[in-house]
Amino acid sequence: MSAASASGRCPSIVYDEGKHMKRTWTIIGVSDVAASFSWYQSLFGQAKAAPAHTYFGQILDADGTVLLCLHRWGDHDHPSLKSPGHATPGNGLLLFFRVDDFDMALTRARGLATRFDEEPHLNPNTGTMEFSLRDLDGYYVTISSLSAN
């Protein structure tokens with residue numbers, strides 16, 4: 001078996017290590033982009049800013065990485081974003097964010113939600129603290145500490 005085959009890589013493809021980055025842009029349907037934009041900025045402790053459009057906004061990390069995209073229901077005829085009436089928002093979706101300021105995120109979240117779906121607890125699988133709440137559109141959002149304390 002060749003080295004390329006042993007590594008599980010196709011021998012006819014040249015890999016340029018470190019030159020390609022794959023990132024996902026999670027897009028969720030929301031009723032009010034500006035309100036959801038503000039909610040997520042508050043949760044993440046970000047400076048207030050307005051979304052780029054009334055129908056679409058991107059929550060960005062400090063380095064410009066897209067954390068979450070917010071798309072108004074019904075705009076642009078996207079099949080899965082036509083209406084929350086076709087399915088329960090968030091059905092099959094868990095928004096899971098790892099943060100480096102867990103205690104501060106917890107304080108901010110308590111100001112955004114009247115109740116949590118899960119109070120802070122140690123996740124035995126990750127070994128980190130986490131809690132879960134619902135956003136303005138009913139999406140299940142889990143905040144997890146980036147590292148064990």
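Here the structure is a predicted model, which is why all the values come from computation and not from measurement.

S.K.: I would appreciate a short explanation of the overall build of the protein chain in the present structure.
M.R.: The number of helices and strands found in the protein chain is three helices and seven strands. Helices (α) and strands (β) of the protein chain occur, in sequence order from the N terminus, as α-β-α-β-β-β-α-β-β-β. A buried classification covers 33% of the 149 residues belonging to the protein chain. Within the protein chain, contacts between residues separated by at least 24 positions form 48% of all contacts whose residues are at least 6 apart in sequence. Carbon and sulfur atoms make up 54% of the accessible area of the protein chain, which totals about 9300 Å².

S.K.: Help me understand helix H2 (residues 33–44) in this model?
M.R.: Because an α-helix packs 3.6 residues into every turn, residues spaced three or four apart end up facing the same way. In this model H2 runs 16 Å from its N-terminal to its C-terminal C-alpha over twelve residues, within 8% of the 16 Å that 1.5 Å per residue would give. Along H2, the residues that are buried comprise Val-33, Ser-36, Phe-37, Trp-39, Tyr-40, Gln-41, Leu-43 and Phe-44. One side-chain oxygen of the residue at the start of H2 lies 3.1 Å from the amide nitrogen of Ala-34, identifying that residue as Asp-32. Once H2 ends, the next one or two residues include Gly-45, with phi positive near 70 degrees.

S.K.: Mind showing me how you'd approach the confidence of the model for the protein chain here?
M.R.: Any residue range with low pLDDT should be treated as having predicted coordinates unsuitable for detailed reading. Counting all residues, the mean pLDDT for the protein chain is 84, and 77% of those residues have values of 70 or more. Contacts of residues 1–7 to residues separated by more than four positions or lying in other chains number three contacts, the stretch itself having pLDDT below 50.

S.K.: I'm lost on the pairing of strand E7 (residues 140–145) in this one. Help?
M.R.: Every regular strand shows the same layout, with side chains that alternate between the two sheet faces. Summarising burial for E7: five of the six residues are buried, a large majority. Relative to E7, strand E4 (residues 95–99) runs parallel, the two sharing five bridges. Looking at the pairing, Val-99 lines up with Ser-145 of E7. Relative to E7, strand E6 (residues 128–134) is paired through five bridges, and the arrangement is antiparallel. Counted as the bridge partner of Phe-131 is Ile-143 from E7.

S.K.: Help me understand the nonpolar core in this model?
M.R.: Most often, soluble globular proteins have nonpolar side chains that are buried together. With 26 residues, the main nonpolar core has Tyr-40, Leu-70 and Ile-143 as its most contacted residues. Setting aside its immediate chain neighbours within four residues, Ile-143 contacts Leu-43, Phe-44, Phe-97, Val-99, Phe-102, Ala-105, Met-129, Glu-130 and Phe-131.

S.K.: Is there a simple way to think about the packing of H2 against helix H3 (residues 102–112) in this case?
M.R.: Two quantities define a packed helix pair, namely the angle between the helix axes and the distance between the axes. Interhelical geometry of H2 versus H3 gives an angle of 145 degrees and a closest axis separation of 7 Å. Contact residues: H2 offers Trp-39, Ser-42, Leu-43 and Phe-44, while H3 offers Ala-105, Arg-108, Ala-109 and Leu-112.

S.K.: Help me understand H3, please; the structure alone is not making it clear to me.
M.R.: Restricting attention to buried positions, one finds in H3 the residues Phe-102, Ala-105, Leu-106, Arg-108 and Ala-109. For H3, the buried positions fall inside an angular range of 170 degrees around the axis, keeping them on one side. Those residues of H3 that are exposed and angled more than 90 degrees off the buried face are Asp-103, Met-104, Thr-107 and Gly-111. Lining the buried residues of H3 we find H2, E4, strand E5 (118–123), E6 and E7.

What counts, and where the lines are drawn
- Residues numbered from 1 in each chain as written.
- Predicted model: local features only at pLDDT ≥ 70, side-chain atom pairs only at ≥ 80, totals over all residues.
- Heavy atoms only, no water.
- Helix = DSSP H or I, 4+ residues; strand = E, 2+ residues; numbered from the N terminus.
- Buried < 20%, exposed > 50% of the residue type's maximum accessible area, 1.4 Å probe, protein only.
- Contact = heavy atoms within 4.5 Å.
- Areas by Shrake-Rupley, 256 points an atom, 1.4 Å probe, with all protein chains shown as cover.
- Expected span 1.5 Å × (residues − 1).
- Polar contact = N/O pair within 3.5 Å; in protein donor to acceptor, adjacent residues only side chain to side chain.
- pLDDT = per-residue confidence, 0-100.
- Pairing = 2+ DSSP bridges.
- Core = buried A, V, L, I, M, F, W, Y, C linked by side-chain atoms within 4.5 Å.
- Axes fitted to C-alpha atoms, helices over the stretch in contact; angles between N-to-C directions.
- Arc of directions from axis to C-beta.

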